[in-house]
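Coordinate analysis (summary)
Chain residues, written in single-letter form:
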Amino acid sequence: MNDETETLPGELCEEIRARVFGPGFIRLTQTLTREGQPFRISLRPVRIKGQELIQAEMRDGTQAQTRNLTEGPARKGLEQILAQRGKRELHLVTTEGDLHVRVTKKGRPLVSRGKPKATAMPAPSAGHDRVKRQPLTDFDSAPLLRVLGLAAEDGALRTSMRGKYDQVNALIRAVEPLLPEAPPPAFTVVDCGCGKAYLTLALQRFLTLAKGWPKVRVIGIDRNADVIASARAQAAALGLGEDEATFQAAEIASADWPQAPDLVMSLHACDTATDDALIAAVRTGAARILCVPCCQHELHHALAGGGPMRAVLRHGILRERLADLLTDTFRAQVLRICGYRARVMEFVSPEATGRNILIRAERGVRPGLGEAVSEFRELCDLWGVKPYIGQLVPSDEQ
């Protein structure tokens, strides 16, 4: 094979140069395997302290580096990307449309293009510090977005699905702090109440394609057989095998759970279904938990605080919001009792979803801390309740 055949055609290189240093540039990413390890380099425009720069992120196996470059060094970096040889993939995203180049083992470049979709993935504006990164632009997500119904056949994001697109990106960003720095040999995710599997499949593709992890398996659980059938069809359309994505039509508590899953997610599972997911996660020894609660009815009618609290409880909307806050407080506290570091935070703008509270937990503290148990008991006594999640606390401790 002549080495010349392994380089990109000159006219293609010229187009890439013009689009990277022209208006509307969003991101350029190239992925390949080097010495048996995934190697990824990406370029994107940023503005830092009023200066327009190109941010280069390089991830080589377990090592990651980020540099902010002026135009001269950025152009040299781009030339190094274009000069790469061998099997690789290059994905360019601009407001004028996408360019995807897959170079085969024999050095043949296969080029595909996407139509302009500025409404789908807007470029990071000059206000870099104010615009959040969108993980779904870290890889060629066009096939995923089309299969999930977030984008039309021409690749343009559906206007009606903008909120869902933002929400999935926000959830992936929320997952990232829980992820190991080094690519693990295998990683298992259980998604409880997976519904239409937007995040289930998006996370599998992100970890595999953007982060280069070798083996990522997602398991979706939902009692609705119709959405499970749809999720299975979507996984098949993406070419995912049983070792990459499986879906169960079952109740969370009675589903076939793997032991010690690496991550358990529960997104908008109604009422005590969220607690069922947390209970199963703890009992199977999950290393990490990500929970976005939905409606919480259990405590709404059980609250019985007296004295000045009666003034709060007599108003339906205030009683409901108080029940929501207390329910999530109990959940975070019980996770702490069970040996998890738990944080409660807002994960996305209220415009995207009204249910925007997230509980993120990671195993790593000694379970059964006396102070945590005492706080749980005192809170139960204060409001005269026995929360569903409390079954994880030994009865003699309550």
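The sections below set out a description of the structure shown in this document. By convention here, each chain's residues receive numbers from 1 onward along its written sequence. Predicted model: local features are reported for residues with pLDDT of at least 70 only, side-chain atom pairs are reported and counted for 80 or more only, and whole-chain, interface and lining totals are derived from all residues. With hydrogens and water set aside, each side-chain value is computed from the structure's full complement of heavy atoms.

**Section: helix 4 (residues 162–175)**
Defined as follows: Each helix is a run of H or I in the DSSP string that is no shorter than four residues. Each strand is a run of E no shorter than two, and both are numbered from the N terminus. The span you would expect from a helix comes to 1.5 Å times its residue count less one. Exposure is judged per residue with a 1.4 Å probe applied to protein chains only, and the accessible area is read against the type maximum: over 50% gives exposed, under 20% gives buried, and values in between give partly exposed. In what follows, a contact means two residues having at least one pair of non-hydrogen atoms within 4.5 Å.
Relative to the 20 Å expected for 14 residues at 1.5 Å per residue, helix 4 spans 20 Å between its end C-alpha atoms, a close match to the ideal helical length. Taken residue by residue, helix 4 has Tyr165, Gln167, Val168, Asn169, Ala170, Leu171, Ile172, Ala174 and Val175 as its buried positions. Elements that come into contact with the buried residues of helix 4 comprise helix 3 (142–148), helix 5 (198–210), strand 11 (263–267), strand 12 (288–292) and strand 14 (357–363).

**Concerning the side chain of Arg27**
Cut-off, in case you're wondering: Between N or O atoms, a polar contact is any pair within 3.5 Å; within protein, one atom must be a potential hydrogen donor and the other a potential acceptor, and residues adjacent in sequence are included only when both atoms are from side chains.
For Arg27, the position within the fold is in strand 1 (residues 25–34). Assessed through its relative accessible area of 5%, Arg27 is described here as buried. A distance of 3.4 Å separates a polar atom in the side chain of Arg27 from a polar atom in the side chain of Asp138. For Arg27, the residues in contact, after removing those within four places along its chain, are Ser42, Leu43, Arg44, His91, Leu92, Val93, Arg133, Thr137 and Asp138.

**Re the pairing of strand 8 (residues 187–192)**
Put simply, the rule reads: Only strands that DSSP links by at least two bridges are regarded as paired with each other.
Within strand 8, 6 of the 6 residues are buried, which leaves it mostly tucked inside the rest of the structure. Burial along strand 8 is two-sided: Phe187, Val189 and Asp191 and Thr188, Val190 and Cys192, pointing in opposite directions, are all buried. Bridge count for strand 8 against strand 9 (residues 216–222) is 6 bridges, and the pairing is parallel. Each bridged residue has a counterpart across the sheet, and for Asp191 the counterpart in strand 9 is Gly220. Bridging between strand 8 and strand 11 involves 4 bridges; their strand directions are parallel. Looking at strand 11, one finds that Val190 is bridged to Val264.

**Description of the sheet that holds strand 11**
What counts here: Only the stretch in contact is used when a helix axis is fitted, and all axes are lines through C-alpha atoms; the angle between N-to-C directions ranges over 0 to 180 degrees.
Spatially, 7 strands are ordered 10-9-8-11-12-14-13 in an open sheet, and the strand pairing comes out mixed. The open sheet has two edge strands, strand 10 (245–249) and strand 13 (340–346), and neither has a second partner. Ignoring which end each strand starts from, the neighbouring axes of this sheet average 15° apart. Packing of helix 5 onto the sheet brings it into contact with strand 8, strand 9, strand 10 and strand 11, and relative to strand 9 it is tilted by some 175°. Of the strands in this sheet, strand 9 and strand 10 are in contact with helix 6 (residues 225–237), which crosses strand 10 at around 170°.

**A word on the environment of Arg17**
In this fold, Arg17 is placed in helix 1 (residues 10–20). Arg17 sits in the partly exposed class, given a relative accessible area of 21%. Distance from Arg17 to Leu82, taken between C-alpha atoms, is 9.3 Å for residues 65 residues apart in sequence. If we skip the residues at most four places from it in the chain, Arg17 touches Leu78, Glu79 and Leu82.

**Considering the packing of helix 9 (residues 316–337) against helix 10 (residues 370–383)**
Working note: a packed helix pair is described by the angle between its axes plus the distance between those axes. The line we're drawing: Reported orientations rely on four angle classes, namely roughly parallel under 35 degrees, roughly antiparallel over 145, roughly perpendicular from 65 to 115, and oblique for the rest. Each helix crossing is assigned a hand: it is left-handed if the near helix lies turned anticlockwise from the far helix by less than a right angle, otherwise right-handed if that turn is clockwise. Side-chain classes follow a simple rule in which Ala, Val, Leu, Ile, Met, Phe, Trp, Tyr, Cys and Pro form the nonpolar group, Asp, Glu, Lys and Arg form the charged group, and the remainder, Gly included, forms the polar group.
Helix 10 packs onto helix 9 with a crossing angle of 155° between their chain directions and a minimal axis gap of 9 Å. Considered as vectors, helix 9 and helix 10 are oriented roughly antiparallel to each other. Crossing hand, helix 9 versus helix 10: left-handed. Mapping the contact onto sequence places Leu322, Leu326, Thr329, Phe330, Gln333, Val334, Arg336 and Ile337 in helix 9 and Glu371, Ala372, Val373, Glu375, Phe376, Leu379, Cys380 and Trp383 in helix 10. Residues belonging to the contact of helix 9 with helix 10 are distributed by class as follows: 11 nonpolar, 2 polar and 3 charged.

**Let's talk about the packing of aromatic side chains**
Heads up, the condition is: In summary, the pairing rule links any two rings of Phe, Tyr or Trp, Trp by its six-membered ring, whose centres are within 6.5 Å, and it sorts them by plane angle into stacked for under 30 degrees, edge-to-face for over 60 and tilted for everything else. Only when the NZ atom of a Lys or the CZ atom of an Arg is both within 6 Å of the ring centre and within 35 degrees of the ring normal do we say a charge sits over the ring.
Under the defined criterion, the tally for this structure stands at 3 aromatic pairs. With a centroid separation of 5.1 Å and 65° between ring planes, the pair formed by Phe187 and Trp213 is classed as edge-to-face. You can see Phe187 sitting in strand 8 and its partner Trp213 sitting in the loop between helix 5 and strand 9, a full 26 residues away along the chain. For Phe187, a relative accessible area of 1% gives the class buried. A relative accessible area of 3% places Trp213 in the buried class. The ring of Phe21 has Arg75 sitting right over it, with the charged end atom 4.0 Å from the ring centre.

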